[in-house]
Amino acid sequence: SEVMRPVDFGLYADEETCDVICRCEFFVRPSVPMREYSVSVMVDRRGGPFADTVREATDWIVRANGFTVAPTPEAAFDPLYSTWYAYLQDVHAAPLEAEARAAAALGMKTMILDDGWQKDDSATFYSAVGDWQPVKSRFPDMKAHVEVVHKAGLKYMLWLAVPYVGDESKAFARFKGKYLKVKGEKSPGRSAILDPRFPDVREHLISTYERVVGEWGFDGVKLDFIDSFKVDGADPAVAEDYAGRDYREVPLAVDRLMRDVQARLRAINPDVLIEFRQSYMGPAVLQYGNMMRAWDCPADPCANRRRICDLRLTSQTIAVHSDMLIWSKDETPEDAALPILNALYSTVQYSMILAKINPAHKRVIRHWIDFSKKHGDALLKGRFTPHHAENGYTWIEGESAEERVVTSYSQDIVVRSGAADRTVVLVNATGAVGMLVELSAKPASIEMFNVFGEPCGTADAGAGLARMPVPASGTAVVRW
């Protein structure tokens, strides 16, 4: 039940008895003295399915702490475009405004402006952060730029690295003595981690995000690196007897910061979008944001799928997002679709320069965005069951009241149609033609569709095991 203070834990096998030993180590980082401490550990011996067990464990932790999961607006489930892998830090207003129009034409609904908007050049990645003002050479009028993106038909979000201040910022001098640590202390291009236990540090950060949403008109914020709020080694506050700090423990101050961020941004925009990243995901974080993105894994669809599944099982009603998708311009349409299909059970983030993308790949993107919209209840909001976690989730099913979407990620895996009580959509993400399917009854019809969503024939099969000729990166719709 511990969700604030770090805990190291794991399982290992005793080599003599083959007993599985669980080890939990508490207070692995500096903590304030306390007279007593209690924690609950839940052991689930029911032997239920893996997905249900993980999901219910998360539910238990949330209940044990009395958390209220943040409300998630519909826009959090809309496909979006991110500038990160496409442009990295080389972002400028005019090209992005053209990209916004291209993204909207493909069916995307939101755009994220990632790192680079706050710097022209800097000694290191984060030596220019802290003041969070747009660089005029890149974004001469941020509010006007946001309005252009809105006119293209997209919501717009802005990336910020929450804990960092760099030595090229005014904030670096302003908050001297209010750091948890400084990276590269004796070199140019330093960056520091702010100490959120100081009320004026938290106010600086919150007022920054209020300016982003309230003055510039962004629809949300991507708040990065909150896991960097930590003390490694001696806590500098101890020698100062915690002077000026209203919290003694860093995690509790971060909790206060994030709760205040959400409350004050929602006061400006009740449907504000707040994205966090998997490396600092946990039951406590479910209180603060409404978008949870898979940890970075560029051009690795399989890792993306595993991370998405882990997040879907542990994020309750929060919208789970894929890591941004990229692939080679030389891929066939069928292979270009595979990164999308591996992220199919999440809100997909795309991050390729759309002005340069292969025209056939545009058709692929447009079709699968339409597919995700049409089948969104089953894919994103219904019952989610990933199978074979030990093999990286080799097949997945999502189910709504009307339909079941079943996707295979391995040529030799048998997937099951489930009961003949609703339409079944089979998705072939194996990289080859054909799927092994166990049908619960003889279908009334089976229609095939290719990677672009175009009809390409029918098939016939009886109840039981069948190898169905589903096109590579295509689908089959089974009706009973």
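Residues numbered from 1 in each chain as written. Predicted model: local features only at pLDDT ≥ 70, side-chain atom pairs only at ≥ 80, totals over all residues. Heavy atoms only, no water.

(A) Broad picture of the overall build of the protein chain. When helices and strands are tallied, the protein chain shows 12 helices and 23 strands. Principal-axis analysis of the C-alpha atoms places the extent of the protein chain at approximately 75 × 65 × 40 Å. Taking contacts inside the protein chain between residues at least 6 apart in sequence as the whole, the part at least 24 apart equals 66%. As displayed, the protein chain has an accessible area near 21,000 Å², and 51% of this comes from carbon and sulfur atoms. When the 56 basic and 66 acidic side-chain charges of the protein chain are each reduced to a single mean position, those positions are 3 Å apart. (Helix = DSSP H or I, 4+ residues; strand = E, 2+ residues; numbered from the N terminus. Contact = heavy atoms within 4.5 Å. Areas by Shrake-Rupley, 256 points an atom, 1.4 Å probe, with all protein chains shown as cover. Lys, Arg positive; Asp, Glu negative; His and termini not counted. Charge placed at Lys NZ, Arg CZ, Asp CG, Glu CD.)

(B) Highlighting unusual backbone geometry. Positive phi, normally seen in glycine, also occurs at F225, with a value near 65 degrees. Relative to the helices and strands, F225 resides in the loop between strand 9 (220–224) and helix 7 (236–239). Exposure remark for F225: the relative accessible area of 17% places this residue in the buried category. Within the chain, D241 stands out as a residue other than glycine whose phi angle is a positive 55 degrees. Here D241 is to be found in the loop between helix 7 and helix 8 (250–268). (Buried < 20%, exposed > 50% of the residue type's maximum accessible area, 1.4 Å probe, protein only.)

(C) Layout of the state of the cysteines. Enumeration over the complete set of coordinates arrives at zero disulfides. Unpaired in terms of disulfides, C22 finds its nearest cysteine sulfur in C24, a separation of 4.0 Å. No disulfide involves C297; its nearest neighbouring cysteine sulfur is the one of C302, lying 9.8 Å away. (Disulfide = S-S within 2.5 Å.)

(D) Fine view of the packing of aromatic side chains. Scanning all chains against the criterion turns up 15 aromatic pairs. An angle of 25 degrees between the planes, with centres 6.2 Å apart, marks the rings of Y126 and W159 as stacked. Here the residue Y126 occupies a position in the loop between strand 4 (110–113) and helix 4 (142–151), and W159 occupies one in strand 5 (residues 155–161), the gap between them amounting to 33 residues. Judged by its relative accessible area of 1%, W159 is buried. Ring geometry for Y126 versus Y164: centroids 5.1 Å apart, planes at 10 degrees, classification stacked. Here the residue Y126 occupies a position in the loop between strand 4 and helix 4, and Y164 occupies one in strand 6 (residues 164–166), the gap between them amounting to 38 residues. For Y126, a relative accessible area of 13% puts it in the buried group. Aromatic ring contacts, followed pair by pair, group W117, Y126, W132, W159, Y164, W216 and F225 into a single cluster. Against the face of F452 rests R363, its NZ or CZ located 3.8 Å from the ring centre. (Phe/Tyr/Trp six-rings, centres within 6.5 Å; stacked < 30°, edge-to-face > 60°. Lys NZ or Arg CZ within 6 Å of the ring centre and 35° of its normal.)

(E) The pattern of salt bridges, seen in detail. As enumerated under the stated definition, the model contains 34 salt bridges in all. Between R264 and E210 there is a salt bridge, and its shortest N-O distance comes to 2.9 Å. Here R264, found in helix 8, pairs with E210, found in helix 6 (residues 199–215); they are 54 residues apart in sequence, far enough to count as distant. One connected set of salt bridges, linked through shared partners, spans D224, E275, R277, R293, D296 and D323. (Salt bridge = Lys/Arg side-chain N within 4 Å of Asp/Glu carboxyl O.)

(F) Up close: the sheet that holds strand 20 (residues 445–449). Read across the open sheet, the seven strands follow the order 14-15-16-18-23-20-21; overall the sheet is mixed. The two strands at the open ends of the sheet, each matched to only one other strand, are strand 14 (383–387) and strand 21 (455–459). In this sheet, adjacent strand axes meet at a mean angle of 20 degrees when their direction is disregarded. Sheet analysis places strand 16 (residues 403–408) next to strand 18 (residues 423–428), joined by six bridges and oriented parallel. (Pairing = 2+ DSSP bridges. Axes fitted to C-alpha atoms, helices over the stretch in contact; angles between N-to-C directions.)

(G) Local environment of a nonpolar patch on the surface. The grouping of V39, V41 and V43 at the surface amounts to a nonpolar patch, some 260 Å² of accessible area in total. Take V43: it is sitting in the loop between strand 2 (20–26) and helix 1 (50–64). (Patch = residues over 30% accessible without salt bridge, like charges linked within 9 Å, V, L, I, M, F, W, Y side chains within 5 Å.)

(H) Inspection of helix 1 at higher detail. Between the first and last C-alpha of helix 1 there are 21 Å, a value that for 15 residues agrees with the 21 Å anticipated at 1.5 Å per step. At its buried positions, helix 1 is contacted by helix 9 (301–314) and strand 14. G66 sits one or two residues past helix 1 and shows a positive phi near 65 degrees. (Expected span 1.5 Å × (residues − 1).)

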